[in-house]
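One-letter residues, chain by chain:
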Amino acid sequence: VIFFRSLHHIPNWESLIEKIYYTLKPGGNLLLSEPVRSHFTKESAHFAAILRIILPTWENYEEKLGNDWDQDSWNKIVDNIFKEYVLEDDHEQSPMDNSVDSAEKIGNIIGGKFSVVEEKYSDAFIDKIIGGLRGEHKYGMARFLKFLDESMVENKILPPTSLELTAVKSKGVSL
């Protein structure tokens with residue numbers, strides 16, 4: 001069973017994980033990739049703000065650079081991005097966006113049922129920027145941004161905000 005950035009949209013996902021556990025054959029795999037909004041920091045928001053302003057996105061440069069720049073206007077931009085990414089603003093993709101908000105919660109539910117084989121953290125900012133890229137050079141830019149993202153996480157400059165988890169149902173347990 002695979003969840004790619006979708007588990008947080010499902011109501012009562014804990015119950016679903018239990019059903020999946022009982023449905024899978026012993027040795028069956030559960031793979032998931034989920035955003036971890038609780039890891040997104042103000043430092044991450046500063047970096048995302050820089051990228052949103054300098055990269056070609058859905059906003060034109062006149063709008064993005066038309067501010068009278070001072071610390072208050074910059075802080076407002078950073079605060080708005082932080083609130084957007086941790087879902088403290090009015091932004092909503094689905095009514096269940098807040099159902100999964102931490103890696104610990106995911107790990108406790110999954111680890112209580114399955115044997116976790118691998119737990120990997122990644123993506124400091126890429127998932128918040130990549131969809132907004134515009135222009136003919138967006139693919140080269142996307143490759144560079146992915147490299148930069150991985151480097152920021154690897155060098156502990158920014159915290160990872162995505163969890164990839166692989167788990168297996170124990171072989172000794174059946175329906």
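Residues take numbers from 1 onward in each chain, read along the sequence in its written order. The predicted nature of this model means local features are confined to residues of pLDDT at least 70 and side-chain atom pairs, given and counted, to a pLDDT of 80 or more, with totals for whole chains, interfaces and linings taken over all residues. Only hydrogens and water are removed before side-chain values are computed, so all heavy atoms of the structure are retained for them.

### As for the packing of helix 2 (residues 42–54) against helix 4 (residues 71–85)
Angles here are taken between N-to-C directions and fall from 0 to 180 degrees, while the axes themselves are lines fitted to C-alpha atoms, restricted in helices to the stretch in contact. Only DSSP runs of H or I with at least four residues qualify as helices, and only runs of E with at least two residues qualify as strands; both kinds are numbered from the N terminus onward. Contact geometry for helix 2 and helix 4: axes closest at 8 Å, N-to-C directions at 110 degrees. Relative to helix 4, the element helix 2 lies roughly perpendicular. Across the interface between the two elements, Lys42, Ala45, His46, Ala48, Ala49, Ile50, Arg52 and Ile53 from helix 2 touch Trp74, Ile77, Val78, Asp79, Ile81, Phe82, Glu84 and Tyr85 from helix 4. Orientation is classified from the angle alone, with under 35 degrees giving roughly parallel, over 145 giving roughly antiparallel, 65 to 115 giving roughly perpendicular, and any other angle giving oblique. The contact criterion used throughout is that any non-hydrogen atoms of two residues lie within 4.5 Å.

### Thoughts on the layout of surface pockets
Think of a ball as big as a water molecule: rolled over the atoms, this probe shows where empty space is left. In the cavity and pocket records, a cavity denotes points on a 1 Å grid over the protein atoms alone where a 1.4 Å probe fits but cannot get out, a pocket denotes an open set with protein on both sides within 12 Å along at least 5 of 7 lines, and lining residues are residues with an atom within 4 Å of a point. Grid points are joined across faces, edges and corners, and a volume is the space filled by probe spheres set on the points. Each pocket or cavity is described by its volume, and for the second largest pocket that value is around 240 Å³. Residue lining of the second largest pocket: Ala49, Arg52, Ile53, Glu59, Glu63, Lys64, Asn67, Trp69, Ile77, Asn80, Ile81 and Glu84, and that is the complete set. Among the secondary structure elements, those contributing two or more residues to the lining of the second largest pocket are helix 2, helix 3 (61–65) and helix 4. It is helix 4 that contributes the most residues to the lining of the second largest pocket, four residues altogether. When residues are sorted by character, Ala, Val, Leu, Ile, Met, Phe, Trp, Tyr, Cys and Pro go into the nonpolar class, Asp, Glu, Lys and Arg into the charged class, and all the rest, Gly among them, into the polar class. Considering only residue class, the lining of the second largest pocket consists of five nonpolar, two polar and five charged.

### Some points on the packing of aromatic side chains
When two rings of Phe, Tyr or Trp (its six-membered ring) have centres within 6.5 Å they constitute a pair, described as stacked for plane angles under 30 degrees, edge-to-face for angles over 60, and tilted for the intermediate range. Taken as a whole and assessed by the stated rule, the structure comprises seven aromatic pairs. Where Tyr21 meets Tyr22, the ring centres are 5.2 Å apart and the plane angle is 85 degrees; that geometry is what we call edge-to-face. On the basis of relative accessibility, which here comes to 8%, the residue Tyr21 falls in the buried class. Taken together through their ring pairs, the aromatic side chains of Tyr21, Tyr22 and Phe114 make up a single cluster. A positively charged side chain is recorded as over a ring if its NZ (Lys) or CZ (Arg) lies within 6 Å of the ring centre. The angle to the ring normal must also be within 35 degrees. Sitting above the plane of the Tyr21 ring, Lys113 keeps its charged end 5.9 Å from the centroid. Positioned over the ring face of Tyr21 is Lys169, at 4.8 Å from the centre of the ring. Partly exposed residues are those whose accessible area sits between 20% and 50% of the maximum for their type, while under 20% is buried and over 50% is exposed, using a 1.4 Å probe and protein chains only.

### Brief notes about the confidence of the model for the protein
How sure the predictor is of each residue is captured by pLDDT, a score from 0 to 100. With 90% of its residues at a pLDDT of at least 70, the protein reaches an overall mean of 85. Mean pLDDT values over the elements of the protein span from 82, in helix 6 (residues 126–129), up to 93, in strand 4 (residues 162–168).

### Here's the deal with the sheet that holds strand 3 (residues 115–122)
Between any two strands, pairing holds if DSSP finds at least two bridges. A sheet is described by the order of its strands in space; here four strands give the open sequence 1-2-4-3, paired in mixed fashion. Two strands lie at the open edges of the sheet, namely strand 1 (2–4) and strand 3, each paired on one side alone. On average, each strand axis in the sheet is inclined to that of its neighbour by 10 degrees, with strand direction left out of account.

### Topic: the packing of helix 1 (residues 13–23) against helix 5 (residues 103–111)
The geometry of a pair of packed helices is captured by two quantities: the angle between their axes and the separation between those axes. Where helix 1 meets helix 5, the closest approach of the two axes is 10 Å, and the angle between their N-to-C directions is 30 degrees. On the basis of the axis angle, helix 1 is roughly parallel to helix 5. Crossing handedness for the pair helix 1 and helix 5: right-handed. Contacts from Trp13, Glu14 and Ile17 of helix 1 reach helix 5 at Lys105, Ile106, Ile109 and Ile110. For the contact of helix 1 with helix 5, the class distribution of residues is five nonpolar, no polar and two charged. Each crossing is labelled by how the near helix is turned from the far one, with a counterclockwise turn of less than a right angle marking it left-handed and a clockwise turn marking it right-handed.

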